[in-house]
Amino acid sequence: MAHPPEKLDAWQIDGVPLRSRLLLGSASFASANIMRDSILESGAEVVTVGIRRIQEGHEAAAFVPSLRETIRAIGGRLLPNTAGCFDARSAINAAMMARELFDTQWIKLEVVGDRGSLQPDPVELVEAARTLVREGFVVWPYCTDDVVSCKRLLDVGCAVLMPWGAPIGSGQGLLNPFALQYLRRSLPQAVLIVDAGIGAPSHAAYAMELGYDAVLLCSAVSRARDPVEMAGAFAAAVRAGRSGWHAGVMPRSEHAIPSTPVGQ
């Protein structure tokens with residue numbers, strides 16, 4: 001009897017069991033209703049929200065209550081993020097406010113070092129992570145695919161690493177699959193989630209085929225012509241990619257190998 005892959009392949013973070021390996025952002029949706037329906041269709045159990053966008057009034061008044069209701073309906077978890085922070089101090093302050101507002105120790109830590117690429121600042125990121133871990137946070141840092149920086153983040157106590165596939169919102173997919181694959185091999189016990197740059201379901205499937213634990217995306221769904229249908233497509237792609245990794249993707253070859261050998 002076949003069983004849904006998520007039931008056979010549960011995982012956990014901070015002792016919280018999870019089934020879905022697709023995490024979803026909540027920004028840029030045309031309406032709260034489309035956001036809600038997309039989250040439900042995706043099956044995501046972890047949804048991110050930008051604390052600075054709420055602070056600065058970029059979200060409609062009905063946005064946060066709607067998001068809370070949706071999360072409650074799916075029995076999921078909210079993951080506040082510090083998007084828009086450019087130094088450790090502002091990221092730490094945003095995390096503290098997120099804990100008060102949402103009553104959670106989880107924080108997706110973003111400290112950007114370059115405004116053009118929105119590339120994380122490795123020095124400020126480690127500094128902020130170190131402080132937040134000491135303050136009792138479960139830190140999910142958005143980082144690059146640099147293995148040295150990733151090891152430093154693990155050394156200060158980060159529970160998860162979230163290396164980028166490409167610049168945020170670019171939809172370019174996995175620009176450096178070699179680096180991502182090397183990172184996965186180098187840190188076999190770490191929870192690794194590809195975050196940023198994914199634009200198509202095939203990109204998400206590829207990340208899962210590389211052995212990543214999950215993917216997080218937002219724009220690929222919120223900016224689609226039909227966000228709800230795209231959310232379902234990503235859910236299917238993540239499951240397929242994870243199943244492919246479990247099954248063992250065949251090795252590549254530089255020359256043809258006949259699938260049905262015949263005599264010479």
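Computed from a predicted structure; not experimentally measured. (Residues numbered from 1 in each chain as written. Predicted model: local features only at pLDDT ≥ 70, side-chain atom pairs only at ≥ 80, totals over all residues. Heavy atoms only, no water.)

### Considering unusual backbone geometry
Part 1 of the reasoning: In this model, S28 sits at a positive phi of 70°, which is unusual for a non-glycine residue.
Part 2 of the reasoning: With respect to the helices, strands and loops of the structure, S28 is situated in the loop between strand 3 (22-25) and helix 2 (32-42). (Helix = DSSP H or I, 4+ residues; strand = E, 2+ residues; numbered from the N terminus.)

### What about helix 7 (residues 147-155)?
Part 1 of the reasoning: Those residues of helix 7 lying buried are V147, S149, C150 and L153. Seen along its axis, helix 7 keeps its buried residues to an arc of 160°; they face one direction. Of the exposed residues in helix 7, those oriented more than 90 degrees away from the buried face are R152 and D155.
Part 2 of the reasoning: Elements in contact with the buried residues of helix 7: helix 6 (122-134), strand 7 (138-143) and helix 8 (177-186).
Part 3 of the reasoning: At the C-terminal side of helix 7, G157 shows a positive phi close to 110°. (Buried < 20%, exposed > 50% of the residue type's maximum accessible area, 1.4 Å probe, protein only. Arc of directions from axis to C-beta. Contact = heavy atoms within 4.5 Å.)

### Describing the environment of V228
Part 1 of the reasoning: Looking at the element boundaries, V228 is found in helix 11 (residues 227-247).
Part 2 of the reasoning: Placed 196 residues apart in sequence, V228 and A32 show a C-alpha to C-alpha distance of 12 Å.
Part 3 of the reasoning: If we ignore the near neighbours within four places in the chain, the residues touching V228 are I34, D37, S38 and E41.

### Re the side chain of T82
Part 1 of the reasoning: Its location among the elements puts T82 in the loop between strand 5 (77-81) and helix 5 (88-102).
Part 2 of the reasoning: In terms of polar contacts, T82 uses its side chain to reach the backbone amide nitrogen of E110, at 2.7 Å.
Part 3 of the reasoning: With residues up to four places along the chain from it excluded, the contact list for T82 reads I51, R52, A91, A94, A95, I107, K108, L109 and E110. (Polar contact = N/O pair within 3.5 Å; in protein donor to acceptor, adjacent residues only side chain to side chain.)

### A word on the packing of helix 6 against helix 7
Part 1 of the reasoning: It is at 9 Å that the axes of helix 6 and helix 7 come closest, and there the two elements cross at 15°. Comparing the axis directions of helix 6 and helix 7 gives the class roughly parallel. Here the hand of the crossing between helix 6 and helix 7 comes out right-handed. Here helix 6 contributes P122, L125, V126 and A129 to the contact with helix 7, which in turn contributes S149, R152 and L153.
Part 2 of the reasoning: Residues that form the contact of helix 6 with helix 7 fall into these classes: five nonpolar, one polar and one charged. (Axes fitted to C-alpha atoms, helices over the stretch in contact; angles between N-to-C directions. Parallel < 35°, antiparallel > 145°, perpendicular 65-115°, else oblique. Left-handed = near helix turned anticlockwise from the far one by under 90°. Nonpolar A, V, L, I, M, F, W, Y, C, P; charged D, E, K, R; others polar.)

### Thoughts on helix 9 (residues 201-209)
Within an α-helix, residues lying three or four positions from one another point in the same direction, as the helix has 3.6 residues per turn.
Part 1 of the reasoning: Within helix 9 the residues assigned to the buried category are H203, A204, A205, A207 and M208.
Part 2 of the reasoning: Against strand 9 (193-195), strand 10 (214-217) and helix 11 lie the buried residues of helix 9.
Part 3 of the reasoning: One or two positions beyond helix 9, positive phi appears at G211, with a value near 95°.

### Structural notes on the packing of helix 5 against helix 6
The geometry of a pair of packed helices is captured by two quantities: the angle between their axes and the separation between those axes.
Part 1 of the reasoning: Running from N to C, helix 5 and helix 6 point in directions that differ by 35°, and their axes come no closer than 9 Å. Once helix 5 is placed against helix 6, the crossing between them reads as right-handed. Residues A88, I92 and A95 of helix 5 form the contact with helix 6, whose own contacting residues are E124, E127, A128, T131 and L132.

### Points about the pattern of salt bridges
Part 1 of the reasoning: Counted according to the given criterion, the structure contains five salt bridges.
Part 2 of the reasoning: Salt-bridge contacts for R19 lead to E45; the nearest nitrogen and oxygen are separated by 3.3 Å. Here R19, found in the loop between strand 2 (16-18) and strand 3, pairs with E45, found in the loop between helix 2 and strand 4 (46-50); they are 26 residues apart in sequence, far enough to count as distant.
Part 3 of the reasoning: Between D195 and K108 there is a salt bridge; the shortest N-O distance is 3.0 Å. Here K108 lies in strand 6 (residues 106-109) and D195 lies in strand 9, a separation of 87 residues in the sequence.
Part 4 of the reasoning: Residues joined by salt bridges that share partners form a network here, namely K108, E110 and D195. (Salt bridge = Lys/Arg side-chain N within 4 Å of Asp/Glu carboxyl O.)

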